[in-house]
Amino acid sequence: SQKIEQNSEALNIQEGKTATLTCNYTNYSPAYLQWYRQDPGRGPVFLLLIRENEKEKRKERLKVTFDTTLKQSLFHITASQPADSATYLCALARAGNMLTFGGGTRLMVKP
Amino acid sequence: NAGVTQTPKFHILKIGQSMTLQCTQDMNHNYMYWYRQDPGMGLKLIYYSVGAGITDKGEVPNGYNVSRSTTEDFPLRLELAAPSQTSVYFCASRPGRNTGELFFGEGSRLTVL
């Protein structure tokens, strides 16, 4: 069956360092992948989309990579700040189909 | 610019009761979705709609019903509430099928006792 895995353990890093979050998937051939940010008690907010034919996408301090051979996406936040502390969700979809979400990884950036 | 609005934010139901979670969006989006989120489990799709008058089941539809009489509104009805329906419910919308991001509401936290 299709499976999307994100590290369920919280990632703790020091302010100013680069945070790297992982999204692995199996039995899936997604057309695109998205990353969302979710703060406690709030709805997810869209951050980035990357398509299957793209290797990398950047937006300000954010970078997403997509390796369809490894079936993995990496989400990087450079020069991390305490305000980046949140849960980050990855979501995958085949063209025209519904998005399927991973369980999310909680990021804690310490000052 | 309100976006996606959900009500209520919190509610406690007794087993066997019914209720409706309201969702409305002011972005003229065709596609609307209902998800539930349980701790560490990700978002699970309950129902979705591709336009007024059209709805379809998602991954976990049992115990729920939806309707879509207008583009703006997509209410979720819980019939005969069970403790397993204790969750946080999110409504989301987007303009079309392949048009990228979902816009989420702030969620409705439901407890069934």
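So, how was this worked out
Residues numbered from 1 in each chain as written. Chains lettered and ligands numbered in written order. Predicted model: local features only at pLDDT ≥ 70, side-chain atom pairs only at ≥ 80, totals over all residues. Heavy atoms only, no water. Helix = DSSP H or I, 4+ residues; strand = E, 2+ residues; numbered from the N terminus. Rg over C-alpha atoms; globule rule 2.2 N^0.38 Å. Buried < 20%, exposed > 50% of the residue type's maximum accessible area, 1.4 Å probe, protein only. Contact = heavy atoms within 4.5 Å. Areas by Shrake-Rupley, 256 points an atom, 1.4 Å probe, with all protein chains shown as cover. Lys, Arg positive; Asp, Glu negative; His and termini not counted. Charge placed at Lys NZ, Arg CZ, Asp CG, Glu CD. Buried area = accessible area lost by both parts, 1.4 Å probe. Salt bridge = Lys/Arg side-chain N within 4 Å of Asp/Glu carboxyl O. Polar contact = N/O pair within 3.5 Å; in protein donor to acceptor, adjacent residues only side chain to side chain. Nonpolar A, V, L, I, M, F, W, Y, C, P; charged D, E, K, R; others polar.

*Asks:* Which residues make up the overall build of chain B, and what are the values?
*Replies:* When helices and strands are counted, chain B shows 0 helices and 11 strands. Reading chain B from its N end, one meets helices and strands in the order β-β-β-β-β-β-β-β-β-β-β. Taken over C-alpha atoms, the radius of gyration comes to 13 Å for chain B, in line with the 13 Å a tight globule of 113 residues would show. With the C-alpha coordinates of chain B rotated into their principal frame, the extents come out at 40 × 30 × 25 Å. With 113 residues in all, chain B has 45% of them scored as buried. Put simply, 53% of the contacts in chain B that link residues at least 6 apart link residues at least 24 apart. Accessible area for chain B stands at about 5400 Å²; split by element, carbon and sulfur atoms hold 53% of it. Within chain B, the 9 negative side-chain charges are centred at a point lying 6 Å from the centre of the 10 positive side-chain charges.

*Asks:* Talk me through the interface of chain A and chain B; I want residue IDs and the actual numbers.
*Replies:* Contact residues are listed per partner, giving 20 residues for chain A and 19 residues for chain B. Carbon and sulfur atoms supply 55% of the area buried between chain A and chain B, which totals about 1500 Å² over both sides. Our enumeration of links across chain A and chain B arrives at 1 salt bridge. The salt bridge partner of R42(A) is E106(B), with a shortest N-O separation of 2.6 Å. The tally of links from chain A across to chain B stands at 4 residue pairs in polar contact (both at pLDDT 80 or more). Tallying contributions element by element places strand β4 (residues 32–38) of chain A first for the side of chain A that touches chain B, with 4 residues. A per-class count over the side of chain A that touches chain B returns 10 nonpolar, 8 polar and 2 charged.

*Asks:* Describe unusual backbone geometry, naming the residues involved and giving the relevant values.
*Replies:* Glycine aside, residues mostly have negative phi angles, and peptide bonds mostly take the trans form. Residues T7(B) and P8(B) are joined by a peptide bond in cis, for which omega reads -5°. The residue P8(B) is located in the loop between β1 (4–7) and β2 (10–13) in this model. The phi dihedral of N27(A) falls on the positive side, at around 55°, and the residue is not glycine. Checked against the element boundaries, N27(A) lands in the loop between β3 (19–26) and β4.

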